[in-house]
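# Observations on the three-dimensional arrangement
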Amino acid sequence: MKKRIISTIMRLKNFLLNSKQNNQSKTITYLKKYIAKNEMKVLVDIGAHRGLFTKLIAKHFELEKSYLIEPIVDNYNVLVNTFEHSNYEIINSAISDLAEQKIEFHINNYDETSSILNIRKDIDELSNIDSSLNKKVYVESNTLDVIFNKYKIKEISLLKIDVQGCEDLVIKGAGGALKNTKFVWVETSFKPLYENSALFQDIYSLMTTNNFILLEISSGYRSEIQELLQADLLFANKDLITRI
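Residues numbered from 1 in each chain as written. Predicted model: local features only at pLDDT ≥ 70, side-chain atom pairs only at ≥ 80, totals over all residues. Heavy atoms only, no water.

## Structural notes on the overall build of the protein chain
As a reminder, the rule being used: Only DSSP runs of H or I covering at least 4 residues are called helices, and only runs of E covering at least 2 are called strands; the numbering of each starts at the N terminus. For this measure, only C-alpha atoms enter the radius of gyration; the expected value for a globule follows 2.2 Å times N^0.38, where N is the number of residues. Note on classification: 1.4 Å probe, protein chains only; a residue is buried when its accessible area is under 20% of the maximum for its type, exposed when over 50%, partly exposed between these limits. The criterion used for residue contact is that any of the two residues' heavy atoms lie within 4.5 Å. Each accessible area value is a Shrake-Rupley result obtained with a 1.4 Å probe; residue values ignore everything except the protein chains displayed when judging cover. We treat Lys and Arg as the positive residues and Asp and Glu as the negative residues; His and chain ends play no part in the count. Where a charge lies is defined by one atom per residue type: Lys uses NZ, Arg uses CZ, Asp uses CG and Glu uses CD.
Scanning the protein chain from N- to C-terminus turns up 7 helices and 10 strands. Expected size for 244 residues packed as a compact globule is a radius of gyration near 18 Å; at 18 Å, the protein chain falls within 12% of this value. Expressed as a percentage of the 244 residues in the protein chain, the buried residues total 47%. For the protein chain, the share of sequence-separated contacts (at least 6 apart) that also reach a separation of at least 24 residues comes to 68%. Of the roughly 12600 Å² of accessible surface on the protein chain, 49% is carried by carbon and sulfur atoms. With 31 positive and 31 negative side-chain charges, the protein chain shows a spacing of 6 Å between the two charge centroids.

## So, the confidence of the model for the protein chain
For clarity, the cut-off: pLDDT is a per-residue confidence score from the predictor, ranging from 0 to 100.
Predicted confidence across the protein chain gives a mean pLDDT of 91, with 90% of residues reaching 70 or more. Overall, residues 5-19 carries pLDDT values under 50, and its contacts beyond four positions in sequence, including any with other chains, amount to 4 contacts.

## Some thoughts on the sheet that holds strand S4 (residues 94-95)
Rules: Strands were regarded as paired on the criterion that DSSP finds at least two bridges between them.
Strand order in the open sheet made by the 3 strands is S4-S6-S5, with mixed pairing throughout. The two strands at the open ends of the sheet, each matched to only one other strand, are S4 and strand S5 (101-108). Pairing geometry for S5 and strand S6 (residues 133-142), over 8 bridges, is antiparallel. In the strand pairing of S6, Ile107 is matched with Lys135.

## Thoughts on unusual backbone geometry
Here the phi dihedral of Glu100 falls at roughly 55 degrees; this positive angle occurs in a residue that is not glycine. Turning to its location among the elements, Glu100 is positioned in the loop between S4 and S5. Judged by relative accessible area, which is 60%, Glu100 ranks as exposed. Located in the positive-phi region is Gln226, a residue other than glycine, with phi close to 75 degrees. One can find Gln226 in the loop between strand S9 (212-219) and strand S10 (230-237). Given the relative accessible area of 47%, Gln226 is considered partly exposed.

## A word on the sheet that holds S10
So the rule is basically this: Interaxial angle, 0 to 180 degrees, is taken between N-to-C directions of lines fitted to C-alpha atoms, where a helix line uses only the stretch in contact.
Taking strand neighbours across the sheet as the criterion, the 7 strands line up as S3-S2-S1-S7-S8-S10-S9 in an open arrangement whose pairing is mixed. Unpaired on one side and paired on the other, strand S3 (88-91) and S9 mark the two borders of the sheet. Each neighbouring strand pair of the sheet contributes to a mean axis angle of 15 degrees, computed without reference to strand direction. Sheet topology places strand S8 (residues 181-189) next to S10; 7 bridges connect them, and they run antiparallel. Note that in S10 the partner of Trp185 across the bridge is Leu234. Contacts from helix H2 (residues 52-60) reach strand S1 (42-46), strand S2 (65-69), S3, strand S7 (156-161) and S8, with the element oriented near 160 degrees to S1.

## Considerations on the packing of aromatic side chains
For clarity, the threshold we go by: Pairing of aromatic rings covers Phe, Tyr and the six-membered ring of Trp, with a centre-to-centre limit of 6.5 Å; geometry is then stacked below 30 degrees between planes, edge-to-face above 60, and tilted otherwise. Whether a charge lies above a ring is judged from NZ of Lys or CZ of Arg, which has to be within 6 Å of the ring centre and within 35 degrees of the ring normal.
On inspection of all chains with the given rule, the structure shows 5 aromatic pairs. In this structure, Lys65 packs its charged tip against the face of Tyr67, placed 5.9 Å from the ring centre.

## Digging into the pattern of salt bridges
Should their charged atoms come close, side chains of opposite charge can pair. Short version of the rule: Whenever Lys or Arg places a side-chain nitrogen within 4 Å of a carboxyl oxygen from Asp or Glu, that contact is recorded as a salt bridge.
By the definition in use, this model includes 8 salt bridges. The closest approach of N and O atoms between Arg120 and Asp122, which form a salt bridge, is 2.9 Å.

## What about the nonpolar core?
Applicable threshold: Nine residue types can take part in a nonpolar core, namely buried Ala, Val, Leu, Ile, Met, Phe, Trp, Tyr and Cys, and a core is a set of them joined through side-chain atoms within 4.5 Å.
Ranked by size, the top nonpolar core spans 46 residues in total, and within it Val44, Ile46, Leu144, Leu159 and Val184 carry the most contacts. Leaving out residues up to four positions away in the same chain, Val184 has contacts with Leu158, Leu159, Ile161, Leu178, Met207, Phe212, Leu233, Leu234 and Phe235. In terms of nonpolar packing, the next biggest core, distinct from the first, is built from 19 residues, Tyr30, Phe61, Phe183 and Ile241 among them.

## What about H2?
Our working rule: By construction, the arc corresponds to the directions joining the helix axis to the C-beta atoms.
Where H2 is concerned, the buried positions are Phe53, Thr54, Leu56 and Ile57. Considered in projection along H2, the buried side chains sweep an arc of 160 degrees and stay on one side of the axis.

Right, here's the structure in full:
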C-alpha cells in the first residue's frame, strides 16, 4: 500500500514537471513571436512564486529590470536569495484592487494553488493535487498602480499575472499601469475553481475595455479526463504596439 502511494506521488510529480516544461516551451514560442529579444526590457511578475517565470524570461530575453511580487513569505525569502542582482526588485505583497491594506490569504498544501480566494471543495477536477488549506495568514495588499508609482516604473514590456482566480482584481487596480504596459501574459480559468473567481470572459472583457487585443491562448492545466480548465492569455496594448 505504501509503495503504491509513493508511486502515485512520483507519477503526479513527473506529470506536473512535464506539464511545466511543455508550458515553458509554449510560453517562449508565443512571446518570441511578438517581442524581439532586445525589446523585453521591463518585466513585472505578479504571483512570482519562486521565480520560475522570471528565470525563463531572463534566459531568452535581454531584461534590464524585473519586479517579482509574491505574497507568501517563504517564497519571498527564496526569491530574495535567488535574485540578488540589483536588476531584480523583490516585493512581498499581494496585488489586488485594494491598496496598502492587510487582507486574508489562504495558503494551501500545494502552495501554487494559494490565493486570496477560497478554493472550491465541491469539484473533482482538482482531485489529483492536494489543494487543501494549510493555514490562513494576513498579507499586505497593494494595487499595481501603487507599485508602478512607488518604484517609478515608466513602461512595462511584459506584465505577467498568475494569482489563482483574482486576475480581475489585479486588472481593476491597474488602470494607470496598463496604459504603460505593452504586453500582458495572464492565467485564466474556464470554470470556477475558486469561490467568486474570475473566468475567461471576465478577463477578456476587462482587457478589451483597457484597449488590449487578445493575441494567443496557450492551453494550461487539465483535469484527469483532459478537460481544459486553465490557460494563459497573451494580450497586446493597441496604443503601444504599432506592428504585430
